[in-house]
Protein chains: 2
Amino acid sequence: MTEPSQGGGRRRPGRRPGSADTRGEILAAARKVFAEKGFDKATVRGIAREAQVDPALVHHYFDTKEGMFAAAMRLPFTPQDIVPVLLEGPREEVGERIVRLILGVTSEPGTREPLVALIRSAMTNERAAVMFREFISNAVLFQVADRIGVPHLRIEAAFGQMLGVILGRYVLGLEPLASADEEELVELLAPTIQRYFAG
Amino acid sequence: MTEPSQGGGRRRPGRRPGSADTRGEILAAARKVFAEKGFDKATVRGIAREAQVDPALVHHYFDTKEGMFAAAMRLPFTPQDIVPVLLEGPREEVGERIVRLILGVTSEPGTREPLVALIRSAMTNERAAVMFREFISNAVLFQVADRIGVPHLRIEAAFGQMLGVILGRYVLGLEPLASADEEELVELLAPTIQRYFAG
């Protein structure tokens with residue numbers, strides 16, 4: 001994510017000028033609006049209104065709603081970063097690519113923790129569940145599924161496999177899963193994901 | 001679970017006699033001790049001490065620590081109920097039996113909610129995670145795996161698949177997973193579980 005210089009866009013009346021962290025204020029507003037409205041119904045305009053800035057300023061910092069969501073939730077990637085990675089390369093290796101990508105992203109605490117935090121809040125809070133469901137379905141799973149022609153139910157089964165493994169490995173700390181070598185997990189899980197994508 | 005008549009076992013000095021709900025008090029003590037010590041380190045003796053009753057009285061109500069845990073967490077089954085069901089019948093149908101059992105238990109709110117509550121607390125509380133991990137590993141997964149000779153990592157991958165599907169279906173409410181027909185899910189998931197058990 002780029003960090004553009006301050007000062008793009010007009011400010012509304014009443015907005016204090018030259019705020020030191022306009023981007024941070026937009027993200028705080030985004031977190032509030034996503035939590036209240038869910039991912040689908042949140043709009044750039046609504047987030048700008050909440051942050052008391054012009055919508056053009058929001059667009060100046062964030063290209064898309066997906067990118068703003070990823071930044072607001074401190075996710076280590078945007079859907080635009082990962083969807084193409086999953087789609088490129090041979091179709092018969094898509095299972096392995098997905099398993100490697102998810103195990104890679106979750107292997108480092110710095111990239112894993114924001115994801116786990118988002119999942120945790122979705123587990124325990126209905127609004128967070130709506131927000132997470134809409135984001136993961138519409139911005140990630142269905143993007144991949146529709147471009148390679150996999151039924152939504154099958155990509156959700158694949159998502160379930162990886163969700164359960166990540167929770168078992170990092171949140172529940174099941175052994176030997178928690179200490180298993182990444183290559184061993186790729187060998188075990190890639191054929192499962194591949195089978196869902198081949199159906 | 002049987003509901004024996006009151007009054008088995010001696011009571012310690014200081015324990016008020018003829019409590020109307022001795023079983024309920026033992027279960028409250030069990031919840032406290034399991035949360036503090038985890039499943040492995042909790043003992044019938046320690047739970048009896050916490051409840052201020054004789055260990056024989058605890059045994060009068062609950063045959064095993066596993067049964068006491070299931071009752072304390074209001075689970076719809078004990079490991080002794082389900083492990084044999086999974087083990088009987090043809091080996092080549094074990095995947096389907098597991099998927100049907102888990103979808104069946106979770107299809108009714110009354111039996112699903114205590115399970116989801118246990119998983120939720122394990123997601124958000126480290127002590128609850130230890131307790132859940134030890135119970136699910138030692139009283140359920142490894143019992144099944146060791147009796148049919150499946151490596152622990154493979155049964156944990158199968159557990160991950162079913163955990164993720166149940167969370168996606170009932171907690172996140174992913175569609176079409178949440179509304180999918182049980183038979184359709186059996187057809188989709190049973191080969192995955194079977195493959196882990198065949199390895």
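Residues numbered from 1 in each chain as written. Chains lettered and ligands numbered in written order. Predicted model: local features only at pLDDT ≥ 70, side-chain atom pairs only at ≥ 80, totals over all residues. Heavy atoms only, no water.

**A few points about the UniProt feature "DNA-binding region" (unreviewed entry) in chain A**
- As annotated by UniProt and renumbered to match this structure, "DNA-binding region" (unreviewed entry) occupies residues 43-62 of chain A.
- Along residues 43-62 of chain A, the helical share is 75% and the strand share 0%, with 12 Å between the first and last C-alpha atoms. (UniProt positions renumbered as here; feature names shortened; annotations may be inferred. Helix = DSSP H or I, 4+ residues; strand = E, 2+ residues; numbered from the N terminus.)

**What about the packing of aromatic side chains?**
- Tallied over the full model, the rule gives twelve aromatic pairs over all chains.
- Through a chain of ring-to-ring contacts, three or more aromatic side chains come together here, namely F34(A), F39(A), F69(A) and F135(A).
- The residue whose ring lies beneath K65(A) is F39(A), and the NZ or CZ to ring-centre distance is 4.8 Å.
- If you follow R112(B) out to its NZ or CZ, it ends over the ring of Y170(B), 4.1 Å from the centre. (Phe/Tyr/Trp six-rings, centres within 6.5 Å; stacked < 30°, edge-to-face > 60°. Lys NZ or Arg CZ within 6 Å of the ring centre and 35° of its normal.)

**Quick notes on helix 5 (residues 79-87) of chain A**
Residues and elements named next belong to chain A.
- For helix 5, every residue scored as buried is listed here: P79, I82, V83 and L86. One side of helix 5 holds all its buried residues, which, seen down the axis, span an arc of 105°.
- Where the residues of helix 5 are buried, they touch helix 4 (65-72), helix 6 (94-107) and helix 8 (126-148).
- Directly beyond the C-terminal end of helix 5, a positive phi value near 95° is found at G89. (Buried < 20%, exposed > 50% of the residue type's maximum accessible area, 1.4 Å probe, protein only. Arc of directions from axis to C-beta. Contact = heavy atoms within 4.5 Å.)

**Digging into unusual backbone geometry**
All names here are of chain A.
- Residues E175 and P176 are joined by a peptide bond in cis, for which omega reads 10°.
- Backbone geometry at Q52 places phi at a positive 55°, although glycine is not the residue there.
- Mapped onto the fold, Q52 is located in the loop between helix 2 (44-51) and helix 3 (55-61).

**Section: the packing of helix 10 (residues 182-198) of chain A against helix 9 (residues 152-171) of chain B**
- The N-to-C vectors of helix 10 of chain A and helix 9 of chain B enclose an angle of 40°; their axes lie 11 Å apart at closest approach. It follows from the interaxial angle that helix 10 of chain A and helix 9 of chain B lie oblique. As for how helix 10 of chain A packs across helix 9 of chain B, the hand of that crossing is right-handed. Across the interface between the two elements, E184(A), L185(A), L188(A), L189(A), T192(A) and Y196(A) from helix 10 of chain A touch L153(B), R154(B), A157(B) and Q161(B) from helix 9 of chain B. (Axes fitted to C-alpha atoms, helices over the stretch in contact; angles between N-to-C directions. Parallel < 35°, antiparallel > 145°, perpendicular 65-115°, else oblique. Left-handed = near helix turned anticlockwise from the far one by under 90°.)

**Digging into the relation of the copies chain B and chain A**
- For the pair chain B and chain A, the best superposition has an RMSD of 0.0 Å and corresponds to a rotation of 180° with a translation of 0.0 Å parallel to the axis. Here the transformation between the copies is reduced to the relation of a two-fold axis.
- The residues that chain B uses at the interface reappear at the interface of chain A in 100% of cases, marking a shared surface. (Least-squares fit on C-alpha atoms with pLDDT ≥ 70 in both.)

**Some points on the confidence of the model for chain A**
- Taken as a whole, chain A shows an average pLDDT of 89; of its residues, 89% reach a score of 70 or greater.
- In the predicted structure, residues 1-18 of chain A sits below a pLDDT of 50 and forms 31 contacts with residues beyond four places in sequence or in another chain. (pLDDT = per-residue confidence, 0-100.)

**Focus: the interface of chain B and chain A**
- Listed as interface residues are 39 residues of chain B and, on the opposing side, 39 residues of chain A.
- Its largest share of buried area at the contact with chain A, chain B owes to M123(B), L153(B) and L172(B), together 23% of the area lost on that side.
- Applying the counting criterion to the chain B and chain A interface returns zero salt bridges.
- Secondary-structure elements contributing two or more residues to the side of chain B that touches chain A are helix 7 (109-124), helix 8 (126-148), helix 9 and helix 10 (182-198) of chain B.
- Looking at which element gives the most residues to the side of chain B that touches chain A, the answer is helix 9 of chain B, with 13 residues.
- The residue makeup of the side of chain B that touches chain A, split by class, is 23 nonpolar, eight polar and eight charged. (Buried area = accessible area lost by both parts, 1.4 Å probe. Salt bridge = Lys/Arg side-chain N within 4 Å of Asp/Glu carboxyl O. Nonpolar A, V, L, I, M, F, W, Y, C, P; charged D, E, K, R; others polar.)

**Digging into the nonpolar core**
- One finds I26(A), F197(A), I26(B) and F197(B) to be the most contacted residues of the largest nonpolar core, which totals 148 residues.
- Each residue touching I26(B), except ones within four places of it in the same chain, is listed here: I47(B), A51(B), V53(B), L57(B), V58(B), Y61(B), F62(B) and M68(B). (Core = buried A, V, L, I, M, F, W, Y, C linked by side-chain atoms within 4.5 Å.)

**A closer look at the pattern of salt bridges**
Residue and element names in this part refer to chain A.
- With the rule as written, the count across this model stands at eight salt bridges over all chains.
- A salt bridge links E36 to K32, with the shortest nitrogen-to-oxygen separation between them at 3.9 Å. With E36 and K32 both in helix 1 (residues 22-41) and four residues apart, the pair spans about one turn of that helix.
- We classify K32 as partly exposed; its relative accessible area is 41%.
- A salt bridge links R100 to E183; the shortest N-O distance between them is 2.7 Å. Of this pair, R100 sits in helix 6 while E183 sits in helix 10; the two residues are 83 residues apart in sequence, bridging distant segments of the chain.
- Judged by relative accessible area, which is 32%, R100 ranks as partly exposed.
- A cluster of three or more residues bridged by salt bridges with shared partners is formed by K32, E36 and E50.

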